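The chain contents come next:
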Amino acid sequence: MARLTAEFWVQAYLARLRLQDIPAFVTAHGDDTAGAVLVKLNTLDGQARAFQRSFDLMSGERAWVVLAEGEERAVDEAIAKQRGFDPDLWVIEVEERAGRHLLDEPGLAD
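One numbering rule holds for all chains: residues counted from 1, following each sequence as written. Side-chain atom pairs in this predicted model are given and counted only at pLDDT of 80 or more, local residue features only at pLDDT of at least 70, and totals for whole chains, interfaces and linings cover all residues. Only hydrogens and water are set aside when side-chain values are computed; all heavy atoms of the structure are taken into account.

Chemist: What is the right way to look at the packing of aromatic side chains in this model?
Modeler: Centre distance and the angle of the planes are the two values used to describe a pair of aromatic rings. Pairs were defined over the aromatic rings of Phe, Tyr and Trp, the Trp ring being its six-membered one, requiring ring centres within 6.5 Å. Orientation was assigned from the angle between planes: stacked under 30 degrees, edge-to-face over 60, tilted for the rest. One pass over the full model with this rule turns up two aromatic pairs. Judged by centre distance (5.0 Å) and plane angle (25°), the rings of Trp-9 and Tyr-13 are stacked. One end of the pair is Trp-9 and the other is Tyr-13, both in helix 1 (residues 6–19) and four residues apart, which spans about a single turn. With respect to class, Trp-9 is no different from Tyr-13; both count as buried. For the pair Trp-9 and Trp-64, a centre-to-centre distance of 5.5 Å together with 35° between the ring planes defines the contact as tilted. With Trp-9 in helix 1 and Trp-64 in strand 4 (residues 62–71), this pair connects stretches of sequence that are 55 residues apart. Strands here mean DSSP runs of E at least two residues long; helices mean DSSP runs of H or I at least four residues long; both are numbered from the N terminus. Burial here depends on accessible area, computed with a 1.4 Å probe over protein chains only, as a share of the maximum for the residue type. Under 20% is buried, over 50% is exposed, and the range in between is partly exposed.

This is how it looks when you write it as structure tokens:
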């Protein structure tokens, strides 16, 4: 199956968030074609969670997993560390008090 470019996926994700009135923005623009994507969920109370895409070698399934969670500064440090390893990494910040990120919805979850 053909994979979407990172830029296309990011733009589609941002559009789906806008449709739900969930503010989000790109804080790091990665490689347009093959960059990995991290999603930071900022709940605007000093807490945050960062999600990364994971691939299960046994099942072949892709899923979003938590990379870091807790105080926003600690999550930002974990993201900065990942960006140090991978300068092609995209980072999207979602600001949502209720914690909605849509990553568990069809088309985004897998």
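Chemist: Please explain the environment of Phe-51 as it appears in this structure.
Modeler: If you trace the backbone, Phe-51 turns up in strand 3 (residues 47–55). Taking the C-alpha atoms as reference, Phe-51 lies 9.9 Å from Ile-92; in sequence the two are 41 residues apart. Residues contacting Phe-51, with those up to four places away along its chain left out, are Val-37, Leu-38, Val-39, Leu-41, Trp-64, Val-65, Val-66, Leu-67, His-101 and Leu-103. Residue contacts follow a heavy-atom distance rule, with two residues in contact if any of their heavy atoms lie within 4.5 Å.

Chemist: Sorry if this is basic, but what is going on with the pattern of salt bridges here?
Modeler: Salt bridges are identified by distance alone: a Lys or Arg side-chain nitrogen within 4 Å of an Asp or Glu carboxyl oxygen. Following the criterion strictly, the structure yields six salt bridges and no others. A salt bridge links Glu-69 to Arg-49; its shortest N-O distance comes to 3.7 Å. Of the two residues, Glu-69 is situated in strand 4 and Arg-49 in strand 3; the sequence distance between them amounts to 20 residues. The exposure class of Glu-69 is exposed, given its relative accessible area of 56%. A salt bridge links Arg-100 to Glu-96, with the shortest nitrogen-to-oxygen separation between them at 3.0 Å.

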